[in-house]
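# Architecture and fold: a report
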Amino acid sequence: MLEKEYYPQQIEKKWYETWDKTNPYKALDKSDKPKYYALSMLPYPSGKLHMGHVRNYTITDVIARFKRAQGFNVLHPIGWDSFGLPAENAAIQHGANPKEWTLSNISYMKRQLKMLGLSIDWDREITTCLEDYYKWTQWLFLQLYKKGLAYKKTAPVNWCEKCATVLANEQVIEGKCWRCDSEVTKKNLSQWFFRITDYCEELLKDLDLLTGWGDNVKTMQKNWIGKSTGAILKFKVAEIEGLEIPVYTTRPDTVYGVTYLVVAPEYKDIEKLTLPQNQKEVENYRLNAKKLSEIERLSTTRTKTGVPLGTHIINPFTGKKCPIWTADYALVDYGTGAVMAVPYHDERDFDFAKKYNLEMIQVIDGVDFEKDKVYTNKEGTLVNSGEFNGIKAKDAIEKITQYAVDKGFGEFKTQFRLRDWLISRQRYWGAPIPIVYCPNCGEVAVPEEDLPVKLPEDVDFSVQGKSPIETSPTFKYTTCPKCGAKATRDVDTMDTFVCSSWYYMRYCDAKNDKECFNREIINGWMPVDQYVGGIEHAILHLLYARFFTKALRDLGLLNFDEPFKNLLTQGMVLKDGAKMSKSKGNTVDPDEIYQNFGADTARLFILSDSPPARDFDWTDAGVEGCYKFICRIYRLYSKFQDRIKLNYNFDIKSLSQKDENLVRETHIAIKKITNDIEQEFQFNTVISRYREFVNAIYEYIKDEKTINYEVLSFVLLTLIKLLSPVLVFVSEEIYSQFNPEKSIHEEPWPKFDENLAKTSMITLVIQVNGKIKDKIEAAQDLSKEDLEKLALDSSKVKQALEGKNIVKTIVIPNRLVNIVVK
RNA sequence: GCCCUGGUGGUGGAAUCGGUAGACACGUCGGACUUAAAAUCCGAUGAGGCUAAUAACUUCGUGCCAGUUCAAGUCUGGCCCAGGGCACCA
């Protein structure tokens, strides 16, 4: 028996405990059904679930349940991205072991996830900080290493003093650490890199394959990869025999306008290029550039500065001698570190030349060229450019480069902005890099059979300035796997982005202890059909995961090119117009919502007000409104529970108009809800449809004497199935009253009849000169002639037409008639 | 500066193809039920004009300005604003 009123706590407890025992959403590796892989970004176990998680996992869960009901074999897993700095920092502050701290967070959050009613296959849960996972992260590292995709080099790296760690370029935001927001400085260290730049071209090109991704994300990735095409041109130094400065340029067409050349303050040959009388000034400038770089980066109104070196280059096209300067607007790690300056046709060069009174030569002319203004337009034609005069700038790019190639002082060049991925971290809480340094053999890979290289437990977390891992007496010192000599381990751990670059593959074969995943199984499940997560991962995580997929494909471990077919980037959860955060004190604890309203209310509300991609504003009134709506639904079933039967039976032709209308409303609801989920996952409108449908049912039952219980059974059993992906607990509770044999979640998705999924009558809108004059009820699918006749019959229309000539009449079937008059 | 996304009532947001702008809610107001309140149910609700208030009628309204069209939130061109991303990338 259903209670008279809705008590979510009782209902949810009962089903949550049942599902916890039976794990009813096991995904089968072998099935006759088509596969569907629904994936949420794996959570970092920070302590408690927040509303962003609730939104993310509810969206994915509804998709998973919908697809399951539609007959797909659905994989819907979850796991824990559980390595990383916060665990280590928090552990230090709380005096606990990072592992214990992390695992206790996981168990707390796991309980919260289960209470949310997610249809997850819990047998596939993974935890990246446990040996059975990071063993395979290390194994994958070794495969990349063998393929030459992991390599070590000394490089100036971004160093965060506070975190005592190296940061990837991607983790430096406006010169500050992405996590703690403190200043980042440079430091030279020997580091491991992944050769992601080998895949620049493919990572860029394959964005076109990702038709299920938003343009915003694709554009961000495109800009990040930053392809540009141009040329390398070599300039001889006038004062030093045999020395050349190559420059990279996208505008070789402007080479006749070069009036000076700039090298970065850190340029390798800068000392050679500096004349003795300029030495002091240059030295000062370079020191300043180094010191200022951090502060300067923050200034938005930076004016360009620089000093001349005293030497000159000779333009091979013109023979012209031009001074060499150093200036910090040239970047040492982009292109060649040197720039050919063409003041009239480049904004930066223009500003710089104005400031230092350097020569300007116009080499491109167009209608809108103005003296004393920079002209970067490529539409113009070349002037003052010797034999190239009169050629369009666009064509000159190739012609001039070809000329340089032929003469031996240039080449075509494609340049990317993307750098190799620095993965070493001087931290404890990560997967150790499986490399040993032997005095005899050098750098030696740990043999695969010796994996995992376990994280030591005997460490001192209170040390500063170096990784706690180095304080372990047992970890660092080992023997060489090749020659047996005394050797040391690499004490660095891997960036957590490495762990999260392949986790979605491990889900496919999570329990495999022989290999990281079975090739057949993973090829069966992958690629992910729908990936759901925050826009903040648009660049880093998604780019790294794409790189991993391509690299593992080339290693022969899998046979697909892209990991994520469709991507849904969900918006943030706000409260009172601001992002929910602990510091603002405007967070909402899921447990509190479960307690007061139940998880079904939380699920319903988080989907209701905004489309998934937009930001969502959490309001207490909204939560209550959703709770009341569930009460309204529950009362409906409670009231009619004795009259609802599974084996209803009626003939549409013999129904009263009222009954027929409700049957039509039901088919309309199925159609619209199905479409709204399938297209774009518009859950906010799905929920509006629910409400419209429930309103129609209430309208129907107003007069109890006329209720047809066969029809009502059909309608209410359809409604409960439509609600079931969202209201997972209450729908199960209600349905179990009518069918104790089967879960609502195993029932197939309702089908609609196209002929019944429309109202019997339509509202015909009649306009005269585009202004609405009348609205009349008409039958569906009348001919154009009939509609026109109906329109002309309207007395209001007749009145409006009086004394006027009809020029033409436009008829849109089932919608409107527009009569144009003079 | 460049790139992406968006701009619709008091609020969140609807609106296949260009075809009734404001679905569905929240809020507000009014009514029923109740000794009373809560809950529930029913109704009104873009702004203005004309009416004694109503019904009817009518004007204006989807960031701004122009255009295409019988018809524009939707298409085209130009601008403004907000949010996010990148930022001296040669």
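What you see is a predicted model, and the numbers here were worked out from it, not measured in a lab.

## Some words on the overall build of chain A
Looking only at helices and strands, chain A has 24 helices and 34 strands in total. Summarising its shape, the C-alpha atoms of chain A cover approximately 105 × 90 × 50 Å along the three principal directions. By the burial criterion, 54% of the 822 residues in chain A qualify as buried.

## Points about the sheet that holds strand 23 (residues 477-479)
The strand order 22-21-24-23 describes an open sheet built from 4 strands, whose pairing is antiparallel. Looking at which strands have only one partner, the edges of the open sheet turn out to be strand 22 (442-445) and strand 23. Direction aside, neighbouring strands of the sheet carry axes that sit 40° apart on average. One ladder, built from 4 bridges, connects strand 21 (residues 435-438) with strand 22; its direction is antiparallel. Residue Ile 435 lies in a different strand from strand 22, and its bridge partner there is Ala 445.

## As for the confidence of the model for chain A
Atom-level detail of predicted coordinates should not be read off regions where pLDDT is low. Overall, the predicted model of chain A reaches an average pLDDT of 90, with 96% of residues at or above 70. On the interface metric, ipTM, the complex scores 0.93, and its pTM is 0.92.

## Details of helix 5 (residues 131-146)
The end-to-end C-alpha distance of helix 5 is 22 Å, a good match for the 22 Å that 16 residues give at a rise of 1.5 Å each. The element helix 5 is extensively covered by neighbouring structure, given that 12 of its 16 residues are classed as buried. The set of residues buried in helix 5 consists of Tyr 133, Tyr 134, Trp 136, Thr 137, Gln 138, Trp 139, Leu 140, Phe 141, Leu 142, Gln 143, Leu 144 and Tyr 145. Just downstream of helix 5 lies Gly 148, where phi reads positive at about 80°.

## With respect to the pattern of salt bridges
Summed over the entire model, instances satisfying the criterion amount to 47 salt bridges. The salt bridge partner of Lys 152 is Asp 490, with a shortest N-O separation of 3.7 Å. Of this pair, Lys 152 sits in strand 5 (residues 150-160) while Asp 490 sits in the loop between strand 24 (486-489) and strand 25 (493-494); the two residues are 338 residues apart in sequence, bridging distant segments of the chain. With a closest N to O distance of 3.9 Å, Asp 529 and Lys 565 form a salt bridge. Taken together, the positions of Asp 529 in the loop between helix 14 (519-525) and strand 26 (530-534) and Lys 565 in the loop between helix 15 (540-554) and strand 27 (567-570) put the pair 36 residues apart, joining distant regions of the chain. A residue is classified by how much of its surface remains accessible, and Asp 529, at 7% relative accessible area, is buried.

## Examining the sheet that holds strand 1 (residues 35-40)
Strand order in the open sheet formed by 4 strands is 2-1-26-27, and the pairing between neighbours is parallel. Of all the strands in the sheet, just strand 2 (73-75) and strand 27 have a single pairing partner and so form its edges. If you compare each strand with its neighbour and ignore which way they point, the axes differ by 15° on average. Relative to strand 27, strand 26 runs parallel, the two being bridged by 4 bridges. Its bridge partner lying in strand 27, Tyr 531 is registered against Leu 567.

## Here's the deal with the protein's contact with RNA strand B
By nearness alone, 55 residues border RNA strand B, and Thr 250, Tyr 334, Arg 348, Glu 692 and Asn 818 come closest of all. Among all atoms of RNA strand B positioned within 4 Å of the protein, those belonging to sugar or phosphate total 64%. Between RNA strand B and the protein, one listed contact pairs a sugar or linking oxygen with a backbone N or O atom of Thr 250 at 2.6 Å. At a separation of 2.9 Å, a phosphate oxygen of RNA strand B approaches a polar side-chain atom of Arg 417. Across the surface near RNA strand B, the residue classes tally to 17 nonpolar, 16 polar and 22 charged.

## Some points on the packing of aromatic side chains
The final tally for this structure, using the stated rule, is 53 aromatic pairs. Aromatic pair Trp 325 and Phe 352: ring centres 5.5 Å apart, planes at 85°, arrangement edge-to-face. Placement of the pair is Trp 325 in strand 14 (residues 321-327) and Phe 352 in helix 10 (residues 347-356), with a sequence separation of 27 residues. Looking at Trp 325, the relative accessible area reads 8%, which means it is buried. When the ring centre of Phe 193 is taken as reference, the NZ or CZ atom of Lys 153 above it lies at 4.7 Å. Between the NZ or CZ atom of Arg 489 and the centre of the ring of Phe 475, over which it lies, the distance is 5.6 Å.

## Comments concerning the packing of helix 19 (residues 657-678) against helix 20 (residues 683-701)
Running from N to C, helix 19 and helix 20 cross one another at 170°; their axes reach a closest spacing of 9 Å. Judged by the angle between their axes, helix 19 and helix 20 are roughly antiparallel. Between helix 19 and helix 20, the residues in contact are Lys 658, Asp 659, Leu 662, Glu 665, Thr 666, Ala 669, Lys 672, Ile 673, Asp 676 and Ile 677 and Phe 683, Thr 685, Val 686, Arg 689, Tyr 690, Phe 693, Ala 696, Ile 697 and Tyr 700, respectively. Each residue belonging to the contact of helix 19 with helix 20 can be placed in one class, and the counts come to 11 nonpolar, 2 polar and 6 charged.

## A closer look at the pairing of strand 12 (residues 260-263)
Burial along strand 12 is two-sided: the face carrying Tyr 260 and Val 262 and the face carrying Leu 261 and Val 263 are both buried. Where strand 12 and strand 15 (residues 338-341) come together, 4 bridges link them in antiparallel fashion. Within the sheet, the bridge partner assigned to Leu 261 lies in strand 15 and is Met 340. The pairing of strand 12 with strand 14 spans 3 bridges and is classified as parallel.

## Side note on the state of the cysteines
Inspection of the entire model under this criterion finds 0 disulfides. No disulfide involves Cys 129; its sulfur sits 9.1 Å from the nearest other cysteine sulfur, which is in Cys 499. The cysteine Cys 626 is free of any disulfide, with Cys 631 supplying the nearest cysteine sulfur at 11 Å. For Cys 626, a relative accessible area of 2% translates into the label buried.

What counts, and at which threshold
- Each chain carries its own residue numbering, running from 1 in the direction its sequence is written.
- For naming, the first written chain is A and the first written ligand is 1, with later ones following in the order written.
- Selection of residues for local features in this predicted model requires a pLDDT of at least 70, selection of side-chain atom pairs for listing and counting requires 80 or more, and totals for whole chains, interfaces and linings are taken over all residues.
- Water and hydrogen atoms play no part in the side-chain values, which are based on all heavy atoms of the structure.
- Note on conventions: DSSP H or I runs of at least 4 residues are helices, E runs of at least 2 residues are strands, and numbering of each starts at the N terminus.
- Residue burial is assigned from relative accessible area. The probe radius is 1.4 Å, only protein chains are included, and a residue is buried under 20% of its type maximum, exposed over 50%, and partly exposed in between.
- Pairing between strands is defined by DSSP: at least two bridges between the two strands are required.
- Axis definition: a line fitted to C-alpha atoms, limited for helices to the stretch in contact. Angles are taken between N-to-C directions and run from 0 to 180 degrees.
- Scored between 0 and 100, pLDDT is the confidence that the predictor attaches to each residue.
- Each helix should span, by expectation, one fewer than its residue count multiplied by 1.5 Å.
- Salt bridge, as applied in this entry: a Lys or Arg side-chain nitrogen positioned within 4 Å of an Asp or Glu carboxyl oxygen.
- Near is defined per residue: the residue qualifies when any heavy atom it owns lies within 4 Å of the molecule or strand.
- We define a polar contact as two N or O atoms separated by no more than 3.5 Å, with the added condition that, inside protein, one atom must be a possible hydrogen donor and the other a possible acceptor, whereas residues neighbouring each other in sequence contribute only through side-chain atom pairs.
- All amino acids are sorted into three groups, where Ala, Val, Leu, Ile, Met, Phe, Trp, Tyr, Cys and Pro are nonpolar, Asp, Glu, Lys and Arg are charged, and the leftover types, Gly among them, are polar.
- Two rings belonging to Phe, Tyr or Trp (six-membered ring only in the last case) form a pair when the distance between their centres is within 6.5 Å. Interplanar angles under 30 degrees mark stacking, angles over 60 mark edge-to-face geometry, and anything in between is tilted.
- Think of it as a cone above the ring: NZ of Lys or CZ of Arg counts as a charge over the ring if it is within 6 Å of the ring centre and within 35 degrees of the ring normal.
- Orientation is classified from the angle alone, with under 35 degrees giving roughly parallel, over 145 giving roughly antiparallel, 65 to 115 giving roughly perpendicular, and any other angle giving oblique.
- The criterion used for residue contact is that any of the two residues' heavy atoms lie within 4.5 Å.
- Disulfides are defined in this document as cysteine sulfur pairs within 2.5 Å.

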